[in-house]
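Understanding the architecture of this molecule
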Amino acid sequence: MEVMTDDYDTRDILRPLVFRLHENVPEIVREVLLERGWTEFDKEEQDDADWNLYWRNSPFRMTDHHSIKPWQRLNHYPEAVRITRKDFLARHLKRMKGAYGSALYEFSPMAFIMPNDYVKFIAEYSKERQSVGRRPSYWICKPVDLSRGRGILIFQDIKDLVYDCAVIVQKYISNPLLISGYKLDLRLYVCVTSFCPLTIYTYEEGLVRFATEKFDLGSLDNICAHLTNTSINKCGASYEKYKEGIGCGCKWTFSKFRSYLRIFGIDDMLLWQKINNIVILTLLAVTPLPVASNCFELFGFDILIDDKFKPWLLEVNYNPGLCLDCSIDDTVKRKLLHDIVELLNYKQIDTFRRTQVAGTRAGRRRVPWSTAGEGAAGEAPGLLARRKVSKCPSASSVQPALQAARESIRKMATLTKKSARVHPRKTLTSQLRERMNMPKIPSQAEAEAKNKRLAGAGHSPHKSAQLNHWLPTPDFCNYKLTTRPYFLSDKDQRPIPRVGDFVLIFPFNEAALQASRDGTDVKSIIKEIKKLVSKQLPSKEQNTKKRVDYLTSV
């Protein structure tokens, strides 16, 4: 492939995008990126900044986020672990429940963090035992920082509760929705492209995970009857067997699950509306997070549905499993990764990966951003469509982007000759460093003074100095950064409503959009969610309940 020259001669052709993988990243990530015509980063041959996407299983350092370049994306948001550790999630949801009421935050089972909440748990356990005519509850004990069903214990008698690490004890949902007698839950994929402004996409396709033994409260130690984790059930005796109503293995797609419900006349629209509300309310519980740009977070929300068709949040997974255990995994996860890359909204100018030429950044701002329709269909001239490794874009297909870059570079070069800059062009990195009490240049001091005037006019400062350090300026979406939010359309400066099977669920209206821009006004957003919930017709819910009762009796 021809090497790009410094002056971007007309003979230049576009270089491929470059991905960088940390150790232990699932092989399917590499496969998908290679399918799209990307090349893998070679640390021996390439510069440290010569990549477009860095994917790893563990969190990045804040210095990685601060030094991000306009053409780069990171697959983790700083401190996203706040909702992926079970004890952290329980604390945040408990706080939100106290602040905004149990009516909204009743989607998570009662939880106690051990050993700190042991006395509270004993009090609740004893109160239930002493209640006349009330059947004692079942409880589930989970290590706070383990995944894949490891270390889980289900019990009814407290004498069976044994643990040797930090655990969370929750009410066990003993009336789950069953299909042919088998318990199930949903693995919902959620992609957050920004926490400020809060921008949330859910994936329409997903995984329905089944236990491989029939549900039985009389055998609490049979993990293949009570847990739906694939890592556990694929080792069970019934995994390969054909199970009536379920089939072989232990997974369905969301599409098959929806079809199954509609056979029984169940309108599942209300269910998905409730699940979307759970996702939004859960992510609101951890805002604000430290300011970071050009990153995203893929979460795996585990949702259980009970026999009243009520969805419950079980947990939120960091790095949801992307390994391929069956053909259903391949169908769902491969398309999921392709759509994530589309959601990252790369432009042809991003292939240059240049910092030496001052005009590159200016040129990037002149490249058209895809609108809602263009981003979804992948037909925009600036959007890199899915392609095989052997295929390269033709020179004619990239002329508009190259021409914009060349013109910008020539203009900047002319200006540079006339008057050399004392300081480099302001970048997100420099601004973040200056916020961390590094020496400020005059232009930056003027910009900060302007932002203070804006903040004083229309934004109340937070009480916590630490939160103030995390929060961006009030007018975040209009803040003049060289690294602008990649998820906004050029047409209206709003998040693209749909990309592939990713559907925008927040912001869901104009009021929510404005509330998320101004430092995330949680109270106003909660008010908008309450309005949505109130529109759900009781008659529709009652009709759904009747049909679910019929389904569970089959």
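Just so it is clear, the structure is predicted and the values come from calculations on it, not from any experiment.

So, about the overall build of the protein chain. What the protein chain contains, in helices and strands, is 18 helices and 17 strands. Scored against the burial criterion, the 554 residues of the protein chain give a buried share of 52%. Summarising the internal contacts of the protein chain: among those between residues at least 6 apart in sequence, 69% fall at separations of at least 24. Accessible surface, the protein chain: about 25900 Å² in total, of which carbon and sulfur atoms supply 53%.

To continue, consider the environment of Asp 350. With respect to the helices, strands and loops of the structure, Asp 350 is situated in the loop between helix H9 (327-343) and helix H10 (359-366). When the C-alpha positions of Asp 350 and Pro 16 are compared, they lie 9.3 Å apart, and in sequence the two are 334 residues distant.

Let us look at the sheet that holds strand S6 (residues 139-143). Pairing in this open sheet of four strands is antiparallel, and the strands run S5-S8-S6-S7 from one edge to the other. Two strands close off the open sheet at either side, each with one partner strand: strand S5 (111-114) and strand S7 (153-155). Neighbour to neighbour, the strand axes of the sheet diverge by 20° on average, direction disregarded. Two strands pair when backbone bridges link them, and S6 and strand S8 (residues 167-171) are joined in this way by five bridges, in the antiparallel orientation. Bridge assignment links Ile 140 to a residue of S8, and that residue is Gln 170. Where helix H3 (residues 86-100) meets the sheet, its contacts fall on S5, S6 and S8, and the angle it forms with S5 comes to roughly 130°. Helix H4 (residues 118-130) rests against S5, S6, S7 and S8 of the sheet, and its axis sits at about 140° to S5.

On to the confidence of the model for the protein chain. The share of residues in the protein chain with pLDDT of 70 or more is 70%, and the mean pLDDT across the chain is 78. Confidence drops under pLDDT 50 across residues 1-11; counting only partners more than four residues distant or on other chains, this segment forms 24 contacts. When the criterion is pLDDT under 50, residues 408-448 qualifies, and its contacts beyond four places in sequence or with other chains add up to 49 contacts.

Per the counting criterion, the structure on display carries 18 aromatic pairs. With centroids separated by 6.2 Å and ring planes inclined at 55°, the aromatic side chains of Phe 112 and Trp 139 adopt a geometry described as tilted. Residue Phe 112 is located in strand S5, and its partner Trp 139 is located in strand S6; the two are separated by 27 residues in the primary sequence. Here Phe 112 falls in the buried class, since its relative accessible area comes to 8%. By relative accessible area, which is 0% here, Trp 139 ends up buried. Ring pairing ties together the aromatic residues Phe 112, Phe 121, Tyr 125, Trp 139 and Phe 155, which thus form one cluster. A cation over an aromatic ring shows up here: Arg 73 above the ring of Tyr 346, its NZ or CZ 4.5 Å from the ring centre.

On to the side chain of Asp 185. Here Asp 185 lies in strand S10 (residues 182-195). At 2.8 Å, the side chain of Asp 185 forms a polar contact with the side chain of Thr 228. Those residues in contact with Asp 185 that sit more than four places away from it in its chain are Leu 207, Val 208, Arg 209, Thr 228, Ile 303, Leu 304 and Leu 314.

All right, on to the environment of Thr 39 then. By the secondary structure assignment, Thr 39 is in strand S2 (residues 39-40). The partly exposed category is assigned to Thr 39, whose relative accessible area is 33%. Between the C-alpha atoms of Thr 39 and Val 18, which are 21 residues apart in sequence, the distance is 4.9 Å. Setting aside chain neighbours within four positions, we find Thr 39 in contact with Pro 16, Leu 17, Val 18 and Phe 19.

Turning our eyes to something else, we now look at the pattern of salt bridges. Enumeration according to the criterion identifies 30 salt bridges in this entry. As a salt-bridge pair, Lys 531 and Glu 528 come within 3.3 Å of each other at their nearest N and O atoms. A residue pair is termed a helical-turn pair when its members lie 3 or 4 positions apart in one helix, as Lys 531 and Glu 528 do in helix H17 (residues 522-534) at three residues. Residue classification places Glu 528 among the buried positions, given a relative accessible area of 12%.

Turning our eyes to something else, we now look at the pairing of strand S17 (residues 502-506). The element S17 is extensively covered by neighbouring structure, given that four of its five residues are classed as buried. Where strand S11 (residues 198-203) meets S17, four bridges bridge the pair, whose relative direction is antiparallel. The partner of Ile 200 across the bridge, within S17, is Phe 506. Two elements, strand S16 (residues 498-499) and S17, share two bridges in a ladder whose sense is antiparallel. Note on S17: the bridge partner recorded for Arg 498 is Val 503. Counting the residues in the hairpin turn of S16 and S17 gives two residues, including Gly 500, whose phi is positive at 60°.

Conventions adopted
Residues numbered from 1 in each chain as written. Predicted model: local features only at pLDDT ≥ 70, side-chain atom pairs only at ≥ 80, totals over all residues. Heavy atoms only, no water. Helix = DSSP H or I, 4+ residues; strand = E, 2+ residues; numbered from the N terminus. Buried < 20%, exposed > 50% of the residue type's maximum accessible area, 1.4 Å probe, protein only. Contact = heavy atoms within 4.5 Å. Areas by Shrake-Rupley, 256 points an atom, 1.4 Å probe, with all protein chains shown as cover. Pairing = 2+ DSSP bridges. Axes fitted to C-alpha atoms, helices over the stretch in contact; angles between N-to-C directions. pLDDT = per-residue confidence, 0-100. Phe/Tyr/Trp six-rings, centres within 6.5 Å; stacked < 30°, edge-to-face > 60°. Lys NZ or Arg CZ within 6 Å of the ring centre and 35° of its normal. Polar contact = N/O pair within 3.5 Å; in protein donor to acceptor, adjacent residues only side chain to side chain. Salt bridge = Lys/Arg side-chain N within 4 Å of Asp/Glu carboxyl O.

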